[in-house]
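This is what each chain is made of:
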Amino acid sequence: MNFRNVYRALRIRWSHDDEEPPNFGSYASTDDEKRIIVLNGSQPTKYCNNRISTAKYNVLTFIPSFLFEQFRRYSNIFFLLIALLQQIPDVSPTGRYTTLVPLVFILSVSAIKEIIEDVKRHRADNEINHRLIERLENGAWTTVRWSELTVGDIIKVVIDTFFPADLILLSSSEPQGMCFIETANLDGETNLKIRQGMTSTAKLLDTKDLTQLQGKIECELPNRLLYEFNGVLKEYGKPLVPLGNDQVLQRGAMLRNTAWIFGVVIYSGHETKLMKNSTSAPLKRSTVDKLTNTQILMLFMILITLCITSGLCNLFWTQKHSITDWYLGIGDFVSLSLGYNLLTFFILYNNLIPISLQVTLELVRFLQAIFINYDIEMYHEESNMPASARTSNLNEELGLIKYIFSDKTGTLTRNVMEFKKCSIAKRIYQTEHTPEQSELVQNILRKHESSRDIEEFLVLLSVCHTVIPEKKEDGSIIYHAASPDERALVDGARKFGYIFDTRTPEYVEINALGKRLRYEVLNVLEFTSSRKRMSIIVRTPGGRIKLFTKGADSVIYERLSPRDQSYRESTLQHLEEFASEGLRTLCLAVADIDDEVYEEWTQTHHKASIALQYRESKLEDSCNLIETNLRLLGATAIEDKLQEGVPETIAALLEAGIYIWVLTGDKQETAINIGYSCKLISHNMDILILNEGSLDATRDAVLRHVDEFKTTSTKDANVALVIDGKTLKYALTCDLRGDFQELCLVCRVVICCRVSPIQKAEVVDMVTQSTKAVTLAIGDGANDVAMIQKASVGIGISGVEGLQAACASDYSIAQFRFLRRLILVHGAWNYARISKLILYSFYKNVCLYVIELWFALYSGWSGQILFERWTIGLYNVVFTAMPPFAIGLFEKFCTAETMLKYPLLYKPSQNAKLFNVRVFWIWIFNALLHSVFLFWLPLCAFETEAIWSDGKTSDYLMLGNMVYTYVIVTVCLKAGLITSSWTWLTHAAIWGSILLWFLFVVIYSHIWPSLNFASNFAGMDSQLLSTPVFWLALILVPITSLLIDVICKLIHNTVFKTLTDAVRESEIQRNDPSQVMEESRSSEYRFKHDLDQRSSTKRQQSQARYFNSRQSVEFSARHLRVEHLDFDEDLDSRDQQREFYRRRQRWQGSEILHM
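Residues numbered from 1 in each chain as written. Predicted model: local features only at pLDDT ≥ 70, side-chain atom pairs only at ≥ 80, totals over all residues. Heavy atoms only, no water.

For the chain, the name recorded in an unreviewed UniProt entry is Phospholipid-transporting ATPase, with Drosophila hydei as its organism. Per UniProt, the chain carries the Cofactor (unreviewed entry) text "Mg(2+)". (UniProt positions renumbered as here; feature names shortened; annotations may be inferred.)

What follows is the structure, given as structure tokens:
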């Protein structure tokens, strides 16, 4: 059967198919579904101008927008409510402004921060909008600002200049309307890309020709798809010309190696693809934040309960004493009103919720992010790339990581490809130092029987690509490719003497062992993730038409001619050998096309190319028509080496108790071997492989293994699960998802091969939602963006594939090995710091403001405040503001070197030991206990009221200031008690806060009468500091309050000492912590060894029960358990091993091309 018959058979089959046959006719869309742009004429509708604004606010919208943003937080609404209630006469016991002023201060700090950031955005926007460009107006070129451009304008862009809008390329200074662009601002790729104008407009080289251009462009409406564009050029009196992504020059890209281009604006301003993609990442909140909000809600309920209780008690007390104690004047309506009393106590107790917590957290997290950005240990000198915290809201989340989902290529590996081997005509060839030294070239020169296939193989490598050659002055050639794989393949052909050196839109030229060959490029069938292949149709120097195809083995093998059986088995075997060595593989094939068939197909393909709707699917159907009846030439093997430090990083993360899953599009064998080389899979680990072809088969396999693991007592089996993309599709269905998830969570390692970007996101979402654990996804390419945004924390690697992943991430690093320090050091530190900061903030508020409750007991539930009004308001924002900052910025329980050396130290933070519901309420109870001592002990000392030697007395405010002083001292000393790492800034924060209060007392006591303010505080310093009772209690009260804390800490550090405590003690004593760690490991090992022995015995018994019903083969070398094989023969022989691999492997194809 020749190619023509195959082609026509496909057409006939499609025409009789039950499904709707592909419609290749141009799509007649309505005006509402397309954009019409008139050339050199007025536009049918008004389009937006080219002015852009990335700022959040302007003068008019700042106040309403800012307030709306701030009062989306419940805490700010709560404090605003308190501030409003305080304005009601005779309701607020604390005055009208004690909540309003701190709230305004906090909002002002946030407003200043927002203004500074937005001013920077406005300046950047103005700089861009005021750039100049030449525009064709009335037959002449005029210089205008970028912001003045609009759709339909014809402009001139010169070399090394950014494109001001999305343009259609008309012509350029290069032949055939070619130009070279750099898209680093769009996707991070620095490789030059080629764009080509239409043949009909490529000759428009002067102003007169451009002004005579008449017609219109019809294209799709503005969208955010960077790599897709559908349009049609309709010149009056000429055939339709399809417009695709090759004719689009996007805003943000730069013109390179081309003197000038002419282009017409199709999308402007915020309708450009760059601005359409400028959306914010999904909002993520840390686990600590969520838990804190829940506890705030609980505290609010307690506050309401206290208010109701206090209001009722006040009502009962007032009713009882209003007649007998008439001199108190409490018989009025306000005193007897429950509603007024509830409002009074609501205001009195409101500070149980710390007003300054939110702004303190924001500032501390911001500074923690700076610490990450400036960590020299995470700076990659080779690429000049530091770590970058793109958000600060998730700093503590890095200390809770339980699962890591990692891409392979470019993340674990370098994504720097090197051509290593190739398989041609049943033989494997390797590169040598010179082409003449290679056996492959010798076979060509000797006219070996396989020389024809070898020559076609090398021609395909040097012709079938989109690489752009750049010739240097010294004669060398640099290849600019869209992906490292492309460059490696072309470079591999060069190593064998087939040098690609010239590209134009119409032809490519190669130097084949000294002979110049020109191939006319007829069509380029581009790579897509669904096609998994790339093809090029050329006319050879001999005048014949050939189709060259390269792609994943799965798609190439299914398109081979039935008569082509010569190299199938040997190439398949070589592919398995390459994959077992961890090499990336690709298949190459060719087909001869008759001229008649090509002409018929060209018409079909042209109709598909000018369709405005469903163009991609129609083009794919068109490509399927011609990419058939192929003849296999061979396969290539490319090496992608591991990044530096990957094995050590993975080993450390595993030791820290983190589960690592690899989600990759590579072949199964490649992924498994990378797993071994990076120490993700150990040689004593069982490997469970799931390769199923149907939903029923997948269900049977998953359920069988779930039942098997249920018979064992272990919850963490030493098993690596390997599953391919096709099986994963079935496993993620609704009825099987739960069982598959249960199987995955039992396994120590999971590797998903041949997976699509959406499958990566689904796996991450499945684990995140089901386990409620904190997950981290790390990748380097655009195909990793979905899973990065789905995970609790997304890490982007600034790699060879560009900056798409880094731009969509929460944190970006240059190398995978920096993940170790980011998690084990910064993550653990920040979690401990934020946890202590939040707990301490609630502690110090409860410690002070519950005293108002105790005073209410003493004062007949009157609602009278014990403290001076402004000292209440300044408590959080001045007197106790510095210790939380010191804790949040400088606290660390071990040094960075110790944390990296002993990953087990990460487990306390990973298991949320420092901040959970139990710990939170222990702190609240501790604060309640301290408040009891801090009020009742001074009250006992003040019982006689005569606390001076001359017998003089004072009022309640004297008692209040005594209590307030003891509270300041106690909470500051408490901060010191929970501090593990002392710096001079920590000392300054703790002792400085105490000193600040005493300075305030001295200064504030002398304000009145100079200022009509604080009259009730006049002379307070002399009263307070002159009584010996105050000084004696200053020593006894804080010590008594903290005595229980000190005793508990001593018992904890002696009887219940944790591993972290022991290591910290070793550091303080300057001893080596290794002995402590070894003791911990040995005890843990003995426990696990006993558990594993019991589990292994039960597993062996279970395997014996299921052995007869299971269709699997065990490999002792790597303990592989391979599912669903239909033979039981011995697999020692080479032929039987080949049969095993052939029947097991589904050849799903690796998406390694990015063309």
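**Q** Sorry if this is basic, but what is going on with empty space enclosed by the protein here?
**A** Empty space among the atoms becomes visible once a probe the size of a water molecule is rolled across them. One pass over the full model with this rule turns up three cavities of 30 Å³ or more. Considering only enclosed or pocket space, the largest cavity measures out at about 80 Å³ in volume. T98, T99, N351, I872 and G873 are the residues nearest the centre of the largest cavity, which is lined by 13 residues in total. In terms of residue count, helix α29 (residues 869-879) provides more of the lining of the largest cavity than any other element does, three residues in total. Of the residues that constitute the lining of the largest cavity, the class distribution is five nonpolar, eight polar and no charged. As a volume, the second largest cavity reaches approximately 50 Å³. If you go around the second largest cavity, the residues you meet are P354, S356, L357, T360, S841, K844, N876, T880, A881 and P884. Among the elements of the structure, α11 (357-373) and α27 (818-849) are those that each provide at least two residues to the lining of the second largest cavity. Looking at the lining of the second largest cavity residue by residue, the class counts come to four nonpolar, five polar and one charged. (1 Å grid on protein atoms, 1.4 Å probe; cavity = no way out; pocket = protein on both sides within 12 Å on 5 of 7 lines; lining within 4 Å. Points joined across faces, edges and corners; volume = space filled by probe spheres on them. Helix = DSSP H or I, 4+ residues; strand = E, 2+ residues; numbered from the N terminus. Nonpolar A, V, L, I, M, F, W, Y, C, P; charged D, E, K, R; others polar.)

**Q** Please explain the pairing of strand β5 (residues 166-172) as it appears in this structure.
**A** Residues in a regular strand project their side chains so that they alternate between the two faces of the sheet. For β5, the tally of buried residues reaches seven of seven residues, placing the bulk of the element in the interior. Here β5 pairs with strand β13 (residues 260-267) via six bridges, running antiparallel. When the sheet's bridge partners are listed, D166 is paired in β13 with Y267. Alignment of β5 against strand β11 (residues 248-249), held across two bridges, turns out to be antiparallel. Counterpart to I168 in the pairing with β11 is V248. (Buried < 20%, exposed > 50% of the residue type's maximum accessible area, 1.4 Å probe, protein only. Pairing = 2+ DSSP bridges.)

**Q** Any chance you could explain unusual backbone geometry here in plain terms?
**A** Backbone phi values are negative for most residues with the exception of glycine, while trans is the configuration of most peptide bonds. You will see that R754, though not glycine, has its phi angle at about 55°, which is positive. Relative to the helices and strands, R754 is located in the loop between β30 (747-753) and α24 (757-771). R754 gets classed as buried once you look at its relative accessible area, which sits at 8%. The phi torsion at R1070 lies on the positive side, around 60°, for a residue other than glycine. Mapped onto the fold, R1070 is located in the loop between α38 (1059-1068) and α39 (1074-1106). Assessed through its relative accessible area of 78%, R1070 is described here as exposed.

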